[in-house]
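# A structural walkthrough
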Amino acid sequence: MTEHALNRRDFGKFAGMAGAGAVLSACSAEQRAASAGAAAAAPAWKVTGRALTGLGGFDATMKRFMTERGVSAGQLAVVRKGRLLLARGYSYSSDPRFAVQPTSLFRIASVSKPITATAVLRLVQDGKLRLTDRVAKLLGLSTAADPRLANVTVLHLLQHLGGWDKSLTPDVTWRDLEIAKALNVPLPIKHAHIMRYASARKLNHAPGTKPVYCNYGFLLLGRIIEKVTGQSYATYVQRTVLAPRGITRMRLGRSLTRAPGEVTYDSIHTTPTVLDGSGRKVPFPYGGFSLETHDSQGGWLSTAVDLVRFAGIYDGGTSVLNATSVGRAFAKPATGVNADGYYFGAGWMVRPVKGGLNTWHDGSQPGTSTLLVRRFDGLTWAVLFNRRQEGNAPSFGAIDGLLHQAANAVKSWPTGNLYPTYF
């Protein structure tokens, strides 16, 4: 793949929007001139939303992190013991019109996986699915290429134990061009094409024997949800997982169409489009991969406040999952506890600590870096950015430790609650 850096004007030319829901198109000459003028100006901060008293360390952390990495759009929400204490949008831009709100939507990449896992656990809770059900039988997958595929269970997919290993075989969910050529089908490819292509290849490990993070397993879980419920993946999740929590903003994203209130995404890389057969180079976030086929593994749009609201399902006391289902999400797998003590639960990463469990999931796609954390002491936060680590940029993973530090530095937690502002 050939890649080169895009300056801000070139990126704006490709990714500029006429308005909410508009298809990406080239900017007019006037817009390009405005973008060039804005690029010459020094970037300035805009911080929207609210933070209750004593939480200024979070703002300072976000500003420092974004400045050091040239991130133009960020968002943070912090909850303590069920109360929303901070809901912020952060903009660092030379464009005076640019302002991220706490209600602005971001692609959340693999933070979509806990959402998919929650839907699966709800089906198990309702007796419509079993964790021991065999995936190939449920979905009608051919096992001719590798009979071991017949042994992959729903639980294996949830805990990344299905037997696929992207360090040995390329991740099929990112091989659109290769799959289209191999199957002689037009772009964009569909879920069924990815499944047909993957099923014709051998597993890398026997199911249940080696944990390896696997996007394809969560693609399959989305199709299982559709098969069992007779509904689209998005419809079932919205009705059964999100609506009971009052979450109405979240939706599946689109590769080239921006939802109302959605931010734009930055990347220094270009790549051939996977959305048609033209071979034209596009900014990586806009056609370099198909957000539509990534739905159940990494396709959701959300706000930080919606993510922490969703995470509250795992605090108990909601109608979405009962205590047994929450326990299933965080149960140790049959194998695969890391040397650092953490493991893949059902859609979450889990680490036992003194006092309870820390659970989290991060996400990364071209133009996206995200993190959702639930701490043993009742703290939850979600942080979203409109770019990820590329080139020589400092680590984006550093935000995890920095937010823990900001939380640990709070001397007295406020007792208010901002949730009524958003739900």
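Reference entry: report on the structure contained in this document. (Residues numbered from 1 in each chain as written. Predicted model: local features only at pLDDT ≥ 70, side-chain atom pairs only at ≥ 80, totals over all residues. Heavy atoms only, no water.)

## Digging into the sheet that holds strand E12 (residues 368–374)
To keep it simple, the criterion reads: When DSSP locates at least two bridges between a pair of strands, those strands are taken to pair. The helix count covers DSSP runs of H or I at least four residues long, the strand count covers runs of E at least two residues long, and both are numbered beginning at the N terminus. Whether two residues are in contact is decided by their heavy atoms: any pair within 4.5 Å suffices. A fitted line through C-alpha atoms represents every axis, and for helices the fit uses only the stretch in contact; the resulting angles, taken between N-to-C directions, go from 0 to 180 degrees.
Read across the open sheet, the eight strands follow the order E1-E3-E2-E13-E12-E11-E10-E9; overall the sheet is antiparallel. Among the strands making up the open sheet, the edge pair consists of strand E1 (44–51) and strand E9 (343–344). When strand E2 (residues 73–80) meets strand E3 (residues 83–93), the two strands line up antiparallel, connected through eight bridges. The partner of Ala 77 across the bridge, within E3, is Ala 87. Together, E2, E12 and strand E13 (379–385) form the strand contacts of helix H14 (residues 398–408), whose direction differs from that of E13 by roughly 135°.

## Looking at the pattern of salt bridges
Rules: Definition used for salt bridges: Asp or Glu carboxyl oxygen within 4 Å of a side-chain nitrogen of Lys or Arg. The cut-offs for exposure are 20% and 50% of the maximum accessible area for each residue type, with area from a 1.4 Å probe on protein chains only; residues under the lower value are buried, those over the upper are exposed, and the others partly exposed.
Tallied over the entire structure, the rule returns 16 salt bridges. Arg 375 is the salt-bridge partner of Asp 377, the closest N and O atoms lying 2.9 Å from each other. Relative accessible area serves as the criterion here: at 11%, Arg 375 is assigned to the buried category. Salt bridges here are not isolated pairs; linked through shared partners, they connect Arg 223, Glu 226 and Asp 295.

## Side note on the environment of Leu 307
Among the structural elements, Leu 307 can be located in helix H12 (residues 304–311). C-alpha separation for the pair Leu 307 and Ile 399, spaced 92 residues apart in sequence, amounts to 17 Å. Every residue in contact with Leu 307, bar those within four places of it in the chain, is listed here: Ile 108, Val 111, Ile 115, Ser 302, Leu 372, Ala 382 and Leu 384.

## Some thoughts on the pairing of strand E11 (residues 356–365)
Bridge analysis of strand E10 (residues 349–353) against E11 gives five bridges, and the strand direction is antiparallel. Counted as the bridge partner of Met 349 is Trp 360 from E11. Bridge count for E11 against E12 is seven bridges, and the pairing is antiparallel. The partner of Thr 359 across the bridge, within E12, is Arg 374. Between E11 and E12, which pair antiparallel and follow one another directly, the connecting turn spans two residues, one of which, Gly 367, has a positive phi of 90°.

## So, the nonpolar core
Stated formally: Think of a nonpolar core as a cluster: buried Ala, Val, Leu, Ile, Met, Phe, Trp, Tyr and Cys residues, connected wherever their side-chain atoms sit within 4.5 Å.
Among the nonpolar cores identified, the biggest contains 115 residues, and Phe 58, Leu 76, Leu 84, Tyr 216, Leu 220 and Tyr 314 are the most heavily contacted of them. Ignoring any residue separated from it by four or fewer positions in sequence, one finds Leu 76 in contact with Phe 58, Met 62, Leu 86, Ala 87, Arg 88, Tyr 90, Ala 304, Trp 381, Ala 382, Val 383 and Leu 403.

## Things to note about the sheet that holds strand E8 (residues 300–302)
The three strands are arranged E4-E8-E5 in an open sheet whose pairing can be described as antiparallel. The sheet terminates laterally at strand E4 (106–107) and strand E5 (251–252), the two strands that pair on one side only. In this structure, E4 lies alongside E8, joined through two bridges in antiparallel fashion. Across the sheet, the residue bridging to Phe 106 is Ser 302, located in E8.

## Side note on unusual backbone geometry
Backbone torsion omega between Leu 187 and Pro 188 reads -5°, so that peptide bond is classified as cis. Looking at the element boundaries, Pro 188 is found in the loop between helix H7 (176–183) and helix H8 (191–199). Phi is positive for Lys 81, close to 50°, though the residue is something other than glycine. With respect to the secondary-structure elements, Lys 81 resides in the loop between E2 and E3. Since its relative accessible area comes to 54%, Lys 81 is described here as exposed.

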